[in-house]
Amino acid sequence: MDDPETLSAPDPQTVGGTLARAAREYAGREALIYDGRRATYAQLFEEVIERARGLIGLGVRPGDHVGVLMPNCWDYVVLYYAISLVSARSVLLNARYRPDDLAYVIPKARLRFLFVGGHAWRHCDYRPMLASVFPELAEGGKATGAPDLEQVIELGDERPGAWLNEAALDAVARSVTRAQVLERAAAVKPQDIGLMIFSSGTTSRPKACMLTHLSLCQTGAAMAERFRFTSEDKVWDPLPLFHMSTILPLAGCRATGACFMGMGHFDADSAMRLLIAEQPTVHYAGFPTIVGALVTHPDFARYEQSRLRINHVVGPPDLLRRYAKDFPEAVPVNSYGLTEATGVPCYSDLDDPQELLFETNGRVFDGMEVRVVDAAGEPVPDGVPGEICLRGYAIFAGYYDDAEATAAAVTPEGWLHTGDRGRIGPGGRVIYDGRVKDMLKIGGENVAAVELESFLMTHPAVKMAQVIGVPDDRLMEVAAAYIEVTPGGAVSEEELVRHCIGRIASYKIPRYVRFVTEWPMSATKVQKFELRENFAPTGKIDVAAMAKGA
């Protein structure tokens, strides 16, 4: 007799479907390691089923927008999979958002449910943040500023509160059967939107990128193929779960039965203990901030690297060469990507000569196309710089509720204008040279300069603000703010930074402030390249110290 679960199995080109398949084919293989907890694929799938029962019992419908505002944790991974399984859309919110950010993204995404993580409330308490933006929520009422939001649910927080908690979710789950979950999962189509992540553009506010189940699964499988993942692999990835730099490796692991190993919060001491104990085969640390903290740690010499075969990190060639010496047996993999292209559709090949590993960002996946165009949108020859454009299955489904921005980003022929400057190098490899758009990339996070400028100008003494990105040893790039004060007004560097602390994400806060009375102008615009050319890295502000003393 046929297995009823096999007959109702979800489509393998959906997020839930890939997890269900992995639970069958790699049932006893380890799937997830997170802050001391471990599970095989079979065990993880059962936990996801239980959480999905709670979602259906709560009233989550197909197509609903379900927000996740949590620090990295075990519950985050389970919840993401469960939302996908019940045919809803996961809206992963940046865990470092502050009240000003939340006031925009929650109503913009039209969230019907919002899951809040209290796992690290002593360090980051979302309760007062949400209450300051939507005061009615503190009383368990409906937020007038977010009319679509029907319910807030807290996980990982034992404090009494006005919102539903895990016990309430478990209670409503009892009315839902496993068969109902599988029936819902079987109805999910690969072309359905499975994920929404906010990505800053050149406008004053971030836009919600919509990604289909199909693009998530195909791109994950392509990544796994490029990295040659097998069920023997253990992938260490300490990056945020609200970012494609974790969602994509999770997809690659599901596709091949590899184990994903994350961290609730990265710190060098905990990371070194974990790496020494677990001996992963793949590092997906991504950014020099993290790798630099490892290689300078006093216990780094004790790290047995015999199983490590890949070290993924992006950065300038000289820095990559230096890190390659610290991990001599691992292939130093580089990459290029953006959320609008399902994270990273371009990686180095493991067999690339070392100089190409350092000097290029690799090749796009099979089935993807890349070209570089000039200011008129015409393709340029290989080696000539211009704007990088991408086309193929990894391209996002558009910006939610913003057809105009989508049309501006993607041509009728399907080419995504990335806003990034680059060239086509040897063998069709991409060489990333920076941004065409007025963007900053702070610690791996895209931030629109105009977003920061708009916020800085909410200070009553600021007449005009212009923000540029400047190099930083730890975050790769940080914000430097040029400020023109209103006539008769007064504001100091410290006052301006304190205006930002607690109101915008800490990584966005300018580390340098310069006061000006005149601007280098073209006919109508400030010439930011002159601000960059004349910038001197003096007077850096210690934002962390100021925040502690606030």
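One can find the structure itself at the top, above this paragraph.
Residues numbered from 1 in each chain as written. Predicted model: local features only at pLDDT ≥ 70, side-chain atom pairs only at ≥ 80, totals over all residues. Heavy atoms only, no water.

1. Overview of the side chain of threonine 342
Relative to the assigned elements, threonine 342 resides in the loop between β14 (335-338) and β15 (343-347). The residues contacting threonine 342, other than those within four sequence positions of it, are Leu211, Ser215, Leu216, Thr219, Met244, Leu248 and Ala394. (Helix = DSSP H or I, 4+ residues; strand = E, 2+ residues; numbered from the N terminus. Contact = heavy atoms within 4.5 Å.)

2. Things to note about the pattern of salt bridges
One pass over the full model with this rule turns up 35 salt bridges. We note a salt bridge from arginine 159 to aspartate 125, for which the minimum N-O separation is 2.9 Å. Of this pair, arginine 159 sits in the loop between β6 (151-155) and α7 (166-173) while aspartate 125 sits in the loop between β5 (113-117) and α6 (126-133); the two residues are 34 residues apart in sequence, bridging distant segments of the chain. Residue classification places arginine 159 among the partly exposed residues on the basis of a relative accessible area of 23%. Residues glutamate 154 and arginine 127 are paired through a salt bridge, measuring 2.7 Å at the closest nitrogen-oxygen approach. Here the residue glutamate 154 occupies a position in strand β6, and arginine 127 occupies one in helix α6, the gap between them amounting to 27 residues. (Salt bridge = Lys/Arg side-chain N within 4 Å of Asp/Glu carboxyl O. Buried < 20%, exposed > 50% of the residue type's maximum accessible area, 1.4 Å probe, protein only.)

3. Quick word on the side chain of aspartate 101
Locating aspartate 101 in the fold gives a position in helix α5 (residues 99-108). When near neighbours in sequence (up to four residues on either side) are disregarded, aspartate 101 contacts Glu451, Arg503, Ile504, Ala505 and Lys508.

4. Let's talk about empty space enclosed by the protein
Enumeration over the complete set of coordinates arrives at 1 cavity of 30 Å³ or more. Estimates place the volume of the largest cavity at around 40 Å³. Lining the largest cavity are Ala31, Leu32, Tyr41, Leu44, Tyr81, Leu250, Cys253, Arg254 and Phe260. Counting only elements with at least two residues in the lining of the largest cavity, the list comes to β1 (30-34), α3 (41-58) and α10 (244-256). (1 Å grid on protein atoms, 1.4 Å probe; cavity = no way out; pocket = protein on both sides within 12 Å on 5 of 7 lines; lining within 4 Å. Points joined across faces, edges and corners; volume = space filled by probe spheres on them.)

5. A word on the sheet that holds strand β7 (residues 193-199)
In a beta sheet, neighbouring strands are held together by backbone hydrogen bonds and run either parallel or antiparallel to one another. With mixed pairing, 7 strands are arranged side by side in an open sheet as β6-β5-β3-β4-β7-β8-β19. Strand pairing shows two members of the sheet lacking a second neighbour, β6 and β19 (398-399), which therefore form its edges. By the bridge criterion, 4 bridges tie strand β3 (residues 65-69) to strand β4 (residues 89-92) in an arrangement that is parallel. Bridging from a neighbouring strand, glycine 67 pairs with valine 91 of β4. (Pairing = 2+ DSSP bridges.)

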